[in-house]
Amino acid sequence: IRRPPRSTPLYSSAASDVYKRQGWLGTLTGVMLGIPQAYRIVTTRDVEGVSLRAWQINVAVNLAWGHHGIKIGALNMIVVNALGILSTLTVLVMLARLTRKPLVMVFGPGLLIALGMIASDWVFGSALYGLIAAIPAVAGLVTQGVELVRADSVEGVSGFYLLATLANFAVWSLWGLLVGDAGTLVASAVSVLAALFNVAWWAVRVSGLGAAVKVAE
């Protein structure tokens, strides 16, 4: 006896609501992400411990993931990256001014990386794009982590920004899992680990323990 197909409109509707809420939560955390660091630099004029390379990569990530959102029709992904790039640009402009670096040298690398990521999205598809996109994302987090370890001071670094980064990647990992977007899931899940290290090491440095470890080395 063949069973009639199960009707799932209520389930699908409920699941869709969960996906949407999770996606817009990711938008909220993503939009808030760069604001604390941008505000800290603008108000203190202190960039000690802030990695230029990490923020160059952030430009690439904003542009490439904004494009990916357009490609898969995810409005939340489009919005978060369109708004997020505003704080990223603010940080980079301030870094350029305070370190006296030419704007072309500050913005050029990020734009080139973004073009490469966008090309890979079209050529390789979402899942492989996620692996490729994870490389610059993790590289940005790692360069910030290295700066946290090596810098004489981390006064210029916003701890709230580091925490928001960790929360943001965690939220997008869950969203990628819920909607079945392998690209988002892979890139975000890998990035969570690097973001977790940055939060932990920043806490160590702020506590004063990090400085002692650094001297001991």
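Residues numbered from 1 in each chain as written. Predicted model: local features only at pLDDT ≥ 70, side-chain atom pairs only at ≥ 80, totals over all residues. Heavy atoms only, no water.

A. Seen up close, the overall build of the chain. Counting its secondary structure elements, the chain contains 9 helices and 0 strands. Mapped in sequence order, the helices and strands of the chain form the string α-α-α-α-α-α-α-α-α. When the 217 residues of the chain are sorted by exposure, 44% land in the buried category. For the chain, the proportion of contacts with a sequence separation of at least 24, taken over those separated by at least 6, is 78%. (Helix = DSSP H or I, 4+ residues; strand = E, 2+ residues; numbered from the N terminus. Buried < 20%, exposed > 50% of the residue type's maximum accessible area, 1.4 Å probe, protein only. Contact = heavy atoms within 4.5 Å.)

B. Seen up close, unusual backbone geometry. Its identity as a non-glycine residue notwithstanding, Arg-45 has a phi of 55°, on the positive side. With a phi angle near 60°, Arg-100 is a residue other than glycine that sits in the positive phi range. On the secondary structure map, Arg-100 appears in the loop between α4 (75-99) and α5 (103-124).

C. Quick peek at the environment of Ala-54. Inspection of the secondary structure puts Ala-54 in helix α3 (residues 52-72). Here Ala-54 falls in the buried class, since its relative accessible area comes to 5%. For the pair Ala-54 and Gly-140, spaced 86 residues apart in the sequence, the C-alpha separation amounts to 4.0 Å. The residues contacting Ala-54, other than those within four sequence positions of it, are Gly-140, Thr-143 and Gln-144.

D. Spatial organisation of the pattern of salt bridges. Under the defined criterion, the tally for this structure stands at 1 salt bridge. Notably, a salt bridge pairs Asp-121 with Lys-71, separated by 3.7 Å at the nearest N-O pair. Placement of Asp-121 in helix α5 and of Lys-71 in helix α3 is noted, with a sequence separation of 50 residues between them. Since its relative accessible area comes to 32%, Lys-71 is described here as partly exposed. (Salt bridge = Lys/Arg side-chain N within 4 Å of Asp/Glu carboxyl O.)

E. Representation of the confidence of the model for the chain in the model. Chain-level pLDDT for the chain is 81 on average; 82% of the residues reach the 70-or-more range. Looking over the chain, one finds the lowest element-wise mean pLDDT in helix α9 (residues 209-216), namely 55, and the highest in α5, namely 92. Taken as a whole, residues 1-12 scores under 50 in pLDDT and shows 0 contacts with residues more than four places along the chain or in a different chain. (pLDDT = per-residue confidence, 0-100.)

F. Main features of the environment of Ile-85. Looking at the secondary structure, you find Ile-85 in helix α4. The spacing of Ile-85 and Gly-66 is 19 residues in sequence and 9.6 Å in space, taken between C-alpha atoms. Setting aside anything within four residues of it in sequence, one finds Ile-85 in contact with Asn-62 and Leu-63.

G. Region of interest: the nonpolar core. If you look at the biggest cluster of nonpolar residues, it comprises 29 residues, and the most contacted ones within it are Trp-55, Leu-92 and Leu-95. For this core, the secondary-structure elements that each account for two or more residues are α2 (35-44), α3, α4, α5, α6 (126-150), α7 (159-179) and α8 (182-207). Excluding residues within four positions of it along the chain, Trp-55 makes contact with Gly-34, Gln-37, Val-50, Thr-88, Val-91, Leu-92, Leu-95, Gln-144 and Tyr-161. Formed by 16 residues, the second largest nonpolar core is a distinct cluster that contains Ile-57, Val-61, Met-117 and Tyr-129. (Core = buried A, V, L, I, M, F, W, Y, C linked by side-chain atoms within 4.5 Å.)

H. Fine view of the packing of α7 against α8. Packing of α7 against α8 leaves a shortest axis separation of 8 Å and a crossing angle of 155°. Accordingly, the angle class assigned to the pair α7 and α8 is roughly antiparallel. Crossing of α7 over α8 shows left-handed handedness. Packed against α7, whose contacting residues are Gly-159, Leu-162, Leu-163, Thr-165, Leu-166, Phe-169, Ala-170, Trp-172, Ser-173, Trp-175, Gly-176 and Leu-177, the element α8 presents Thr-184, Leu-185, Ser-188, Ala-189, Ser-191, Val-192, Ala-195, Leu-196, Asn-198, Val-199 and Trp-202 at the interface. Grouping the constituent residues of the contact of α7 with α8 by class yields 15 nonpolar, 8 polar and no charged. (Axes fitted to C-alpha atoms, helices over the stretch in contact; angles between N-to-C directions. Parallel < 35°, antiparallel > 145°, perpendicular 65-115°, else oblique. Left-handed = near helix turned anticlockwise from the far one by under 90°. Nonpolar A, V, L, I, M, F, W, Y, C, P; charged D, E, K, R; others polar.)

I. Structural context of the packing of α2 against α4. At a closest axis distance of 9 Å, the pairing of α2 and α4 adopts a crossing angle of 30°. One way to sum up the angle between α2 and α4 is to call them roughly parallel. In the packing of α2 onto α4, the handedness of the crossing is left-handed. Two secondary-structure elements touch here, α2 through Ile-35, Gln-37, Ala-38, Ile-41 and Val-42 and α4 through Ser-87, Thr-90, Val-91, Met-94 and Leu-98. Its residues assigned to classes, the contact of α2 with α4 shows 7 nonpolar, 3 polar and no charged.

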